[in-house]
Amino acid sequence: MHRRDFIKTSLLAGGALWLSSFESAFAEGKADKMAGKRWKGWKKGQLQVHFIYTGVAESMFFIFPDGTTMLLDCGDHDALKRGELAVPLLPNPNRHAGEWIARYVQRVNPDGNDVDYMMLSHYHSDHAGRHDFYAAKDMRDGEPYYLSGFAQAAEYLRFGKAFDRAYPDYTDPIPLNNDIGNSFLQMKRFYEYQEKHRGMKVEKFRVGAVDQVKMLRRPGKYPAFSIRNICGNGRIAMPDGSVRDLYKKKIESEHPTWLNENGMSLGMIVGYGKFRFYTAGDFSDDIRTSDGNVVSIEDEIAAAVEPCQVAKINHHGHHSMSRKLVAALRSRVYVSCVWDNLHNLDDTMTLLTDRSIYPDERIICPTVFSERRRNQDADKTWMPYIPTETYTGCHVVLNVENGGDTYSISFINAEDENMTVKSVLHFKS
């Protein structure tokens, strides 16, 4: 079905959203000349963010305007155990996610196997890999070494520096539990091996820093580019330079031995001229303070962000994106990394498409929206906001042109490795 026909048949009688609004949301780039052709790659001056689809993990690959690169998250876990909730594993189940992600990076990376930075947003297996689900087990330096997630990708890629939320002593804001997300010991061992044998540096992520994640090649040529570290370990950097510690009082009064790892997620705002991009891991949980009040982390982070043309949806769209945060971001494009049919749930999608929060046009780009979900949610008012190109699985590529005045969203077929463009949408910043 053509997108226009899909939009017409998806509207609910008496709904507050009109056909003209939906048409204008998809008007730009509708017949882009790249459709059906091979992905054109990166060129100097462009900022790219590749949302890599595997059906198992969250992973994003950044190419900065000067060619500096970063892999943000590279997970792996047994998603097929989710049964009917599982989504397709693409290109196929014959390789683990770490290898598929590495192969994708090799195809689009201007430096081939060399990646300047890697960053783990938080210690969960769908972002990091795990020690009990792996492509292979090896003995290195007399200890087990599991090829899963980042550790598997590093068999094909060379990382220059890693950013981690808790390195080097893993006690911030409280000591990490050895079993947290089945990923802490996996990543700790990975860092140790990479430091000793591959020369990788590991550095603690600094909340509030504007000079930590930066261009390494020709930074002076692109002064309009910037990255601001906005959150990590339950702390949020405010626009006035202060840092709010949401867990400090709870830790001091209750001495917890466990905190929700999602709330520890690292987040950034990437700027390029007029353009802004938001990403913050799996932020979605609430905090019950020592006085009994419940605080939404996303409401708190709303006070620290600015309007962003493109935003990664927190926590894969699973009961995330509070009203205050959506109002603060006012994004034109939302992208979610999907590995489960419980992602992009109705409560999240309803908030993201609520025109009473802000009236501007927007689209929502999951990396897959399965037939099961399409049948289940066929009558939802937000369904027309999802491009049909995402239905069967795709890599979503954000490309910001030199200087940041214009950007595009490309949908790349994920069913094979040919990098075939399904369609491209173009926007002005």
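The rules behind each value
Residues numbered from 1 in each chain as written. Predicted model: local features only at pLDDT ≥ 70, side-chain atom pairs only at ≥ 80, totals over all residues. Heavy atoms only, no water. Helix = DSSP H or I, 4+ residues; strand = E, 2+ residues; numbered from the N terminus. Expected span 1.5 Å × (residues − 1). Buried < 20%, exposed > 50% of the residue type's maximum accessible area, 1.4 Å probe, protein only. Contact = heavy atoms within 4.5 Å. pLDDT = per-residue confidence, 0-100. Phe/Tyr/Trp six-rings, centres within 6.5 Å; stacked < 30°, edge-to-face > 60°. Lys NZ or Arg CZ within 6 Å of the ring centre and 35° of its normal. Polar contact = N/O pair within 3.5 Å; in protein donor to acceptor, adjacent residues only side chain to side chain. Pairing = 2+ DSSP bridges. Core = buried A, V, L, I, M, F, W, Y, C linked by side-chain atoms within 4.5 Å. Salt bridge = Lys/Arg side-chain N within 4 Å of Asp/Glu carboxyl O.

Spacing of three or four residues puts side chains on the same side of an α-helix, whose turn is 3.6 residues. Its 12 residues place the ends of helix α3 (residues 97-108) 17 Å apart at the C-alpha level, agreeing with the 16 Å of an ideal helix rising 1.5 Å per residue. Within α3, 9 of the 12 residues are buried, leaving the element largely enclosed by the surrounding structure. Buried within α3 are the following residues: Ala97, Gly98, Glu99, Trp100, Ile101, Ala102, Tyr104, Val105 and Val108. Summarising the contacts, the buried residues of α3 are in contact with β1 (47-51), β2 (60-63), β3 (69-72), β4 (114-119), α5 (150-153) and β19 (394-400).

Across the protein chain, the average pLDDT comes to 92, with 92% of residues at or above 70. Counting interchain partners and residues more than four positions distant, the pLDDT-below-50 stretch residues 1-29 has 56 contacts.

Another aspect to go through is helix α6 (residues 184-198). When the terminal C-alpha atoms of α6 are compared, their 20 Å separation across 15 residues agrees well with the 21 Å that a helix rising 1.5 Å per residue should span. Positive phi shows up at glycine 199, right after α6, with a value of about 75 degrees.

All right, on to the packing of aromatic side chains then. Two numbers describe a pair of aromatic rings. These are the distance of the centres and the angle of the planes. A complete count under the given rule lists 18 aromatic pairs for this structure. A ring pair is formed by phenylalanine 150 and phenylalanine 190, whose centres lie 6.4 Å apart and whose planes are at 20 degrees; its orientation type is stacked. Residue phenylalanine 150 is found in helix α5, and its partner phenylalanine 190 is found in helix α6; the two are separated by 40 residues along the sequence. By the burial criterion, phenylalanine 150 is buried, and phenylalanine 190 matches it. Put simply, the rings of Tyr123, Phe150, Phe159, Tyr167, Tyr170, Phe184, Phe190 and Tyr191 pair up and form one aromatic cluster. Against the face of tryptophan 100 rests arginine 95, its NZ or CZ located 5.1 Å from the ring centre. For the cation-ring pair, arginine 362 lies above tyrosine 358, with the distance from its terminal atom to the ring centre recorded as 3.7 Å.

Before going further, it helps to spend a moment on the side chain of histidine 316. Relative to the elements of secondary structure, histidine 316 occurs in the loop between β16 (310-312) and α9 (323-329). Of note is the side chain of histidine 316, whose polar atom sits 3.2 Å from the side chain of glutamate 58. Setting aside residues up to four positions removed in sequence, histidine 316 forms contacts with Glu58, Asp126, His127, Asp282, Ser336, Cys337, Trp339, His343 and Asn344.

Attention now goes to the pairing of strand β12 (residues 267-272). Of all the 6 residues making up β12, 6 are buried; the element is thus mostly covered by neighbouring parts of the structure. Of the two faces of β12, the one holding Gly267, Ile269 and Gly271 and the one holding Met268, Val270 and Tyr272 are both buried throughout. One ladder, built from 5 bridges, connects β12 with strand β13 (residues 275-279); its direction is antiparallel. Residue pairing across strands places isoleucine 269 opposite tyrosine 278, the latter belonging to β13. Remark: 2 residues form the turn of the hairpin made by β12 and β13, two consecutive strands paired antiparallel; glycine 273 in that turn has positive phi of roughly 60 degrees.

Below, the discussion takes up the nonpolar core. Membership of the largest hydrophobic core comes to 48 residues, with the highest contact counts inside it found for Met118, Phe150, Phe159, Met187, Phe190 and Tyr191. Mapped onto this core, the elements with two or more residues apiece are β2, α3, β4, β6 (143-147), α5, β7 (158-164), α6 and β21 (421-428). Once residues within four sequence positions are removed from consideration, phenylalanine 190 is found in contact with Met118, Tyr145, Phe150, Ala151, Ala154, Phe159 and Met200. Counting 40 residues, the second largest nonpolar core, distinct from the first, contains Tyr247, Met349, Ile364 and Met383.

With that settled, the discussion passes to the pattern of salt bridges. One pass over the structure, following the stated rule, counts 34 salt bridges. The partner of glutamate 306 in a salt bridge is arginine 228, with the nearest N and O atoms 3.4 Å apart. Highlighted residues: glutamate 306 in the loop between α8 (297-302) and β16 and arginine 228 in strand β9 (residues 225-232), separated in sequence by 78 residues. Each of Asp138, Arg140, Glu155 and Arg198 takes part in one network of salt bridges that share partners.

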